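Summary of the model geometry
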Amino acid sequence: MPVHQIACLGLSHRTAPVEVREQLRCSVLDAGQLLGQSLPAKSEWRGADSWRETAVIRELVILSTCNRLELYARLSADAADARAHLEALLAAIHQTDLRPFAHQFYFYAGETAVSHLLGVAAGLDSLVLGEPQILGQVTGSYMAAVDAQTIGPVLDALFRAAIRAGKRTRSETTISSQPSSVSSVAITLAQQIVGDLNTRHTLVVGLGEMGRLALKALGHRGVAAVSVANRTLARAETAVAPFTGQAYSLAQLPAALRAADVVISATAAPAPLISETLVRQAMAQRSERPLVLIDLAVPRDVDPAVKNLPGIHLFDVDDLQGGLDESLAARQAAVPLAEAIVLQETAVLDKELQQLAVQPVIADLHQKAETIRQRELQRTLRHLGEVDPQTLEHLQLLTRSLVNKLLHEPTKQLRTQAGTETAVAYASTVRELFGLEGE
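The structure contained in this document is the topic of the report that follows.

Conventions adopted
- Residues numbered from 1 in each chain as written.
- Predicted model: local features only at pLDDT ≥ 70, side-chain atom pairs only at ≥ 80, totals over all residues.
- Heavy atoms only, no water.
- Axes fitted to C-alpha atoms, helices over the stretch in contact; angles between N-to-C directions.
- Helix = DSSP H or I, 4+ residues; strand = E, 2+ residues; numbered from the N terminus.
- Parallel < 35°, antiparallel > 145°, perpendicular 65-115°, else oblique.
- Left-handed = near helix turned anticlockwise from the far one by under 90°.
- Contact = heavy atoms within 4.5 Å.
- Pairing = 2+ DSSP bridges.
- Salt bridge = Lys/Arg side-chain N within 4 Å of Asp/Glu carboxyl O.
- Buried < 20%, exposed > 50% of the residue type's maximum accessible area, 1.4 Å probe, protein only.
- Arc of directions from axis to C-beta.

This part covers the packing of helix H4 (residues 111–121) against helix H6 (residues 153–172). At a minimum axis distance of 7 Å, the contact between H4 and H6 shows a crossing angle of 40°. Between H4 and H6, the crossing angle belongs to the class labelled oblique. In the crossing of H4 with H6, the sense of the turn from one axis to the other is right-handed. Contact with H4, carried on its side by Val114, Leu117, Leu118 and Ala121, involves Leu158, Phe159, Ala161, Ala162, Ala165, Gly166 and Arg170 of H6 and no other residues of that element.

Below, the structure is given as structure tokens:
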């Protein structure tokens, strides 16, 4: 089962807009219903590698996330056009013509498909370099295929290698350890000053892009005590719904500031919303609790004079840029290490796939020999007539011994070659010489 049978058809944030990705989203369960037409009933399946020999797509895993849709397949050795088969499957799932989207798809085969998946799991192809969620999504797609019984030994080895690469990248490099957006840097900075945000109250002012990213970053970190202040109260109420905080209008900022420990402000106001007077009044009613103000707006939301008030920690986007540059630089610096891990795990996978090419041959060779032994022994017994149990036992031992001794050397050579570059050639030769079925 060499690597050239592996193929990937996909589209991602790099090639297709979100509306296309949404339209073509699917799961392995959707595909399994169609592939089931080429499979025996589940009660007749022999295990993970139970596709019929006539099926072109032997194994399938679908990775579907907000940013990508990718179909990974092992196809039969004689499949003429792997891309066409995968496109036909996706078109059948959605009952649609894929030609309008043809330019947005990419197709990888063999070692390129392998390297792509391992790079995806390592976070090298993500919208945000090194983002950690993708590893869980790759693992989830693998488990879904296991549950749906659309995976076999080849894709099992491939996805296990990808998961190993992803885990190693996160544990052995800094590609996922640093915040990667202004909002993430802001939250990290706030944590350094006030400690665990779950024990504090955070206020997000404004629901533009920066404000929404801040809320998303807080949600990803499991921070629950978050309030939202916005020009439109209804929008604030909607945004704060996943949290335990309160919605405020901008007219209620004095009350919101009194309750907050951390304020992340990112409105499009032309002049500062948070004045020195407003902050001074809020601090007078806070029992000397410090207040962290992180101003992500340009122009600024917070009057710079606020920085001189006691108990105030004020930061603007220029203050955060150093942290952002540092985090992005750290992630970029980790890319060569991550790529080296991908190469290492690809080499391990290559040996595993070469071994897979040998193991079924050994089993099929011994099975065919055993079938011939039993058939010929029965033919001999019919000519011999009545045979006592002791003689029958000797005949069984004799024929088994002959078969085992004849197969010992070819079996030994196949096992010796397993994991080497010649393994596939040996397996193919043995199948041809002994007339074994399969690939």
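With respect to the helices and strands, the residue Leu11 is situated in strand E1 (residues 6–12). Taking C-alpha positions, Leu11 is 20 Å from Leu75, a pair spaced 64 residues apart along the chain. Setting aside its immediate chain neighbours within four residues, Leu11 contacts Ala16, Val20, Arg21, Leu24, Asn67, Arg68, Leu69, Gln104, Phe105 and Tyr106.

We now examine unusual backbone geometry. Of note in this structure, Gln95 is not a glycine but carries a positive phi near 50°. Its place among the elements puts Gln95 in the loop between helix H3 (82–94) and strand E4 (106–109). One non-glycine residue, Gln149, lies in positive phi territory at about 60°. Locating Gln149 in the fold gives a position in the loop between helix H5 (133–148) and H6.

Before going further, it helps to examine the sheet that holds strand E8 (residues 262–265). Judged by pairing direction, the sheet is parallel, and its 6 strands sit side by side in the order E7-E6-E5-E8-E9-E10 without closing on themselves. Whereas interior strands pair on both sides, the edge strands pair on one side only; in this sheet they are strand E7 (247–249) and strand E10 (312–316). Across this sheet, the average inter-strand angle for adjacent strands is 15°, counted without regard to direction. Pairing of strand E6 (residues 226–230) with E7, which is carried by 3 bridges, proceeds in the parallel orientation. From the neighbouring strand, Asn230 faces E7, where its bridge partner is Ser249.

Per the stated rule, a full pass over the model turns up 18 salt bridges. Notably, a salt bridge pairs Glu345 with Arg168, separated by 3.1 Å at the nearest N-O pair. Taken together, the residues Glu345 in helix H12 (residues 317–384) and Arg168 in helix H6 connect sequence positions 177 residues apart. The class of Glu345 is buried, set by a relative accessible area of 7%. Note that Arg289 is salt-bridged to Asp261, the shortest N-O span being 3.2 Å. Of the two residues, Arg289 is situated in the loop between helix H11 (276–284) and strand E9 (291–295) and Asp261 in the loop between helix H10 (253–259) and E8; the sequence distance between them amounts to 28 residues. You can call Arg289 partly exposed: its relative accessible area is 29%. Judged by relative accessible area, Asp261 falls into the buried class, the value being 9%. Overlapping salt bridges, with partners in common, bring together Arg164, Arg168, Glu172, Glu345 and Glu352 in one network.

Note on helix geometry: an α-helix contains 3.6 residues per turn, so any two residues three or four positions apart are oriented the same way. All of the buried residues along helix H9 (residues 233–240) are Ala236, Ala239 and Val240. Across the axial projection of H9, the buried residues extend over an arc of 90°, all falling on one side. Where H9 is buried, its residues touch helix H8 (209–220), E6 and E7.

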